[in-house]
Each structure stands twice: as C-alpha cells, then as structure tokens.
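What the coordinates show
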Amino acid sequence: MSSENIAKTDRDFYNLSVGATNHKEARNRRLLSNNQKQLRNFTRNESKDYLGVHAATIDKYTKLANIDPRRHDDSQWSLDLEEIYKVRDLMPQDLRKAEKFNRGSNQKLQVIAIQNQKGGVAKTATAATLASCLATEFHQEFRIGLIDMDAQATLTTFYATKSEALGELSSGDLITGNYELDEGETKQQVISNAFLPTTIPNLRILPAAQSDRALDNWFHEQVINNKIENPYSILKNIINEVESEFDIIIIDTPPSLGFPTYNAYYAATGIIYPLGVTESDIDATSSYFEFIQQVWAILKKAGHPGFDFMKMLLTNFKEGSTTTTGLMTGLCDDFSDYLYSKEFKASEAVSNCQASMATVFDMSKSEYDKSKSSFLKAQVNGYEVTSQVYRDIAKVWRESSKEEK
C-alpha cells in the first residue's frame, strides 16, 4: 500500500505542476502580446486631461515628435503612454503640470518597505498601486523602482510576467550572487540591468522568482558558515549600486519575518504597514507590533540609522458598515499618529484590473470595459492615498535641503 501511495503522490504532484504551468501559459496568452503587457493608451480627450493642455497644443507637439495619432488600422486618434511622455518632454516648462524632478545630492533615495506579517492585507496591490501612481500621475516624472522580495512573485506578474521563463535575474539571484560577469562587465551593470523596464517608462522592476523560496535557507547557511558579516545589509548594498538611477524604490515583502524581510527593513528609509479593517487583521497586526521593538533592536544593532517615517495604510476599506466604524474608532484611538487618513477603498474596478495583472493606473478609462464611474472613483482614491505617501517623501527631501543650507 505504501508504494502505491508513493506512486499516486508522485502523479498528484506532477499533475499539479503541469496544471500550474498550463494555467500560467493560458493566462499569458490571454493577457499578453509578444510576452509584454500593452501600454496604456489615451484618447484625444484623455490626452488633454492628462497633460492639462488644449488639443491644438497636443497637435503641435505630436507633430514635433513625429507621432501620428491616427496611424492605427481603424484611424482612431490614440497616443500610448510612451508617446505621451515624449510629447510632455517637448513642452516648455510653463505648459507642464509640474517641473521634471532632479533629485539633489542632499535628497537621499527614498526606499519604502511595504510590510506586515499578516497575509492577505494587500501588500502587493499596495506596492503596485503606489508605484504606478507615483510614476504616472505625478508629472515630476519620478524614477520609480519596484523590488519583489516575495518568492510568490505576485508583484512580478504585474510588470515582468515572463521574467523567470526568459532567464532574467531575480532579487534572490542578486542577493546570493547567482550570476557571472561577462568580460568587461561590472557588478553595477548587472544590478542595473536586472531592474527591468515596464510598460511605464519611468518604472522599473527587480522581479522575484520561484527559486527565491530557498533564500532563507541560503542566509542560514551563510550565517552558520561565517560567510557574511551582516546578513541584513545585502539588499541595501545592491540598492546602493543603483542609487543614482532612482528617486523612490518600493519593496514588496513576504508575509513572514525571515532574512528577506529583515533585508527589506534594513534597506528601507520608510515603512508602510497595509492593514485590512477586520478583527482578525487588526489582532494579528497588533500582535506583530507588540513584537516589533525586538525587530528594531536587531536592525539598530546591525547599524540601521532609523526610519524617516512609518505609517499604517488601511486597505480594502468598506464604507457604511457599523462594524468597520467601530474598528476604525479603536484604530484611531490607539494609532492616530501612525494612521493615514485616506484608505484604499474596496473597489470592483481595482479587482477587475488586478485580474488583468494591472493597477488602475496601467490603463485609461477608455480601455476599461466595465463601469467607467467605478474606474474613475478607484483612480481618484488611488491618487488621494498615494498623495499622502508622496507628502511624507517630499517632507524628508524638503527638510534635508534645509539642513544642508
């Protein structure tokens, strides 16, 4: 009987593996073209609203950029996101919504860790939405980096779906040094190239891979064999190599407190704790926070200089519920100094976009084929939430500029 069970179990695991591969390939065929997501597209009116200029101005600068908005098979007027950026780059400063940002030497790279030991609180959706909104809706054109430190690689499916199949380096590969330098190639070049371009011109992602599941074991082996001096600083050292290429980096972390999460903490200048407004999410997060001083003690001993800010961000918020109202009252009483006032609201549009491996900032209203009002509300909500995060980042940059003077 034992040998039969073993044979059956072999078949079961094989079938699960084959089914998973088939499912992912079918999803990619449905959603991707040439292994890539489609760029966000803008109608004429959407272009006017996005750039904040008259149609005649857009016509002038599309012509200067040698772009034909009616080149498409159906002759419909359309610009993709890359073309919108080209048009904006040609516009004089007085026509732009905001001046293009150039980070000064005194304005340090902001690295935001999205963390909570409680799973299911929308860490990945938070990371993706904040990154895509900061990249597209803030016309300063911040250079945004995403780092996927969760071996489930869900964030990677948003922007680098085929990265593992194409043999791209993962965050785990960089951490473990699982790569070889070509002749004349530097470590910095390898790290820079590992941050892959996305469908948003000023957003790049360092993907995760399923092989990164062994990362904790690798760390333990290195520590036991005294092969690394500081096991918490490896990710920070990687980020230091590309510090000049980004203004803001957002790190998605696993729902566990292993070495990958400690590395994310150590590399971070700020922390955002996503939190669902449910009894179980609040209890689990509160239990985590009771322990969090011990986490900080380890980071501090390892040389972390302290965080610029840390905030709690409510997710999947359902309005109009007496239960939610009661829970919110308790949260405000106990965490008022650490609680963002705007929360990610529960939204059918957000769920539908995620089913297409996208955020509400990866597409335009005209491309969304369901309720337009729900989509616009989700975009407004996402922008309001992200603006809170931006204000914290801008405050750090502003204060550091004052200190230098």
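Below is a summary of the structure that appears in this document. Sequence order as written defines the numbering, with residues in each chain counted from 1. In keeping with the predicted nature of the model, local features appear solely for residues at pLDDT of at least 70, side-chain atom pairs appear and are counted solely at 80 or more, and the whole-chain, interface and lining totals rest on all residues. The side-chain quantities take in all heavy atoms of the structure and omit both hydrogens and water.

Quick word on the overall build of the protein
Here is the rule we go by: Comment: elements are numbered from the N terminus, with helices defined as DSSP H or I runs of at least four residues and strands as E runs of at least two. Computation of the radius of gyration draws on C-alpha atoms, with the globule rule given as 2.2 Å multiplied by the number of residues to the power 0.38. For each residue, the accessible area found with a 1.4 Å probe, counting protein chains only, is set against the maximum for its type, and the residue is called buried under 20%, exposed over 50%, and partly exposed in between. A contact between two residues is defined here by any heavy atoms of the two lying within 4.5 Å. The charge count includes Lys and Arg as positive and Asp and Glu as negative, but it does not include His or the ends of the chains. A single reference atom marks each charge: NZ on Lys, CZ on Arg, CG on Asp, CD on Glu.
Along its length, the protein carries 15 helices and 9 strands. Computed over its C-alpha atoms, the radius of gyration of the protein comes to 22 Å, within 12% of the 22 Å expected for a compact globule of 405 residues. Dimensions of the protein, computed from C-alpha atoms along their principal axes, come out at roughly 70 × 60 × 60 Å. The buried share of the protein, reckoned over its 405 residues, is 50%. Within the protein, residue pairs in contact and separated by at least 24 positions form 78% of the contacts whose partners lie at least 6 positions apart. For the protein, the distance from the average position of its 45 positive side-chain charges to the average position of its 55 negative side-chain charges is 5 Å.

Regarding helix α3 (residues 55-64)
This is how the line gets drawn: This arc is taken over the directions from the axis of the helix to the C-beta atoms.
Taken together, the buried positions of α3 are Thr57, Ile58, Tyr61 and Thr62. Taken around the axis of α3, the buried residues stretch over an arc of 130°, which confines them to a single face. Residues of α3 that are exposed and point more than 90 degrees away from the buried face comprise Ala56 and Lys63. If you follow the buried residues of α3, they end up packed against α2 (44-51), β2 (79-80) and α4 (81-90). Remark: asparagine 66 follows α3 within two positions and exhibits a positive phi of approximately 60°.

Concerning the environment of asparagine 352
How we decide: In protein, a polar contact means a hydrogen-donor-capable atom and an acceptor-capable atom, both N or O and within 3.5 Å, with residues adjacent in sequence counting only if both atoms are side-chain atoms; elsewhere, any N or O pair within 3.5 Å suffices.
Locating asparagine 352 in the fold gives a position in helix α14 (residues 348-355). Linking asparagine 352 and lysine 370, residues 18 residues apart in sequence, is a C-alpha distance of 8.7 Å. When sequence neighbours within four positions are dropped, the list of residues in contact with asparagine 352 reads Tyr368 and Lys370. In terms of polar contacts, asparagine 352 uses its side chain to reach the side chain of tyrosine 368, at 2.8 Å.

Let's talk about the packing of aromatic side chains
Stated precisely, the cut-off is as follows: Working definition: a ring pair exists when centres of Phe, Tyr or Trp rings (six-membered ring for Trp) sit within 6.5 Å. Plane angles under 30 degrees give stacked, over 60 give edge-to-face, the rest tilted.
In total, this model carries 20 aromatic pairs according to the counting rule given. With 6.3 Å between their ring centres and 40° between their planes, phenylalanine 158 and tyrosine 159 make a pair best called tilted. On the basis of an interplanar angle of 80° and a centroid distance of 6.5 Å, the ring pair of tyrosine 273 and tyrosine 288 is categorised as edge-to-face. Taken together, the residues span a long stretch of sequence, with tyrosine 273 in strand β8 (residues 270-276) and tyrosine 288 in helix α12 (residues 279-301) at a distance of 15 residues. Each member of the pair, tyrosine 273 together with tyrosine 288, is buried. Taken together, the ring pairs in this structure connect Phe101, Phe138, Phe142, Tyr383, Tyr390 and Trp397 into an aromatic cluster.

Details of the side chain of asparagine 263
Looking at the element boundaries, asparagine 263 is found in helix α11 (residues 259-267). Separated by 3.1 Å, the side chain of asparagine 263 and the backbone nitrogen of isoleucine 234 make a polar contact. Filtering out sequence-adjacent residues up to four positions away, asparagine 263 remains in contact with Phe219, Pro231, Tyr232, Ser233, Ile234 and Leu235.

Observations concerning the packing of helix α9 (residues 215-224) against α11
Selection criterion: Interaxial angles span 0 to 180 degrees and are taken between N-to-C directions of axes, which are lines fitted to C-alpha atoms, for helices over the stretch in contact. Each angle receives one of four descriptions, namely roughly parallel if under 35 degrees, roughly antiparallel if over 145, roughly perpendicular if within 65 to 115, and oblique otherwise. We call Asp, Glu, Lys and Arg charged. Ala, Val, Leu, Ile, Met, Phe, Trp, Tyr, Cys and Pro are nonpolar, and the rest, Gly among them, are polar.
One can describe the packing of α9 onto α11 by two numbers: an axis separation of 8 Å at closest approach and a directional angle of 80°. Judged on the interaxial angle alone, α11 and α9 are roughly perpendicular. Taken together, the residues of α11 that come into contact with α9 (itself represented by Leu215, Asp216, Phe219, His220 and Val223) are Phe259, Pro260 and Asn263. Of the residues contributing to the contact of α9 with α11, the split by class is 5 nonpolar, 2 polar and 1 charged.

What to know about the side chain of glutamine 115
Within the element layout of this structure, glutamine 115 appears in the loop between β3 (110-114) and α5 (123-136). Here threonine 253 takes part through its side chain, which lies 3.3 Å from a polar atom of the side chain of glutamine 115.

Considerations on the pairing of strand β6 (residues 203-206)
The condition that has to hold: When DSSP locates at least two bridges between a pair of strands, those strands are taken to pair.
Here β6 shows two buried faces, one formed by Leu203 and Ile205 and the other by Arg204 and Leu206. Here strand β4 (residues 144-148) runs beside β6; their pairing, made up of 4 bridges, is parallel. Residue pairing in the sheet places isoleucine 144 in a bridge with leucine 203 of β6. The pairing of strand β5 (residues 196-197) with β6 spans 2 bridges and is antiparallel. Bridge assignment links proline 197 to a residue of β6, and that residue is arginine 204.

Quick word on the pattern of salt bridges
The line we're drawing: For this analysis, a salt bridge means a side-chain nitrogen from Lys or Arg found within 4 Å of a carboxyl oxygen belonging to Asp or Glu.
The final tally for this structure, using the stated rule, is 15 salt bridges. Of the charged contacts, one joins glutamate 141 and arginine 96 as a salt bridge, the two residues approaching to 3.0 Å between their closest N and O atoms. Of the two residues, glutamate 141 sits in the loop between α5 and β4 while arginine 96 sits in the loop between α4 and β3, which places them 45 residues apart along the sequence. Looking at arginine 96, the relative accessible area reads 10%, which means it is buried.

So, the sheet that holds β5
Strand order in the open sheet formed by 7 strands is β5-β6-β4-β7-β3-β8-β9, and the pairing between neighbours is mixed. Of all the strands in the sheet, the pair left with one neighbour each is β5 and β9 (309-315). Pairing geometry for β8 and β9, over 7 bridges, is parallel. Pairing of isoleucine 271 across the sheet is with methionine 310, part of β9.

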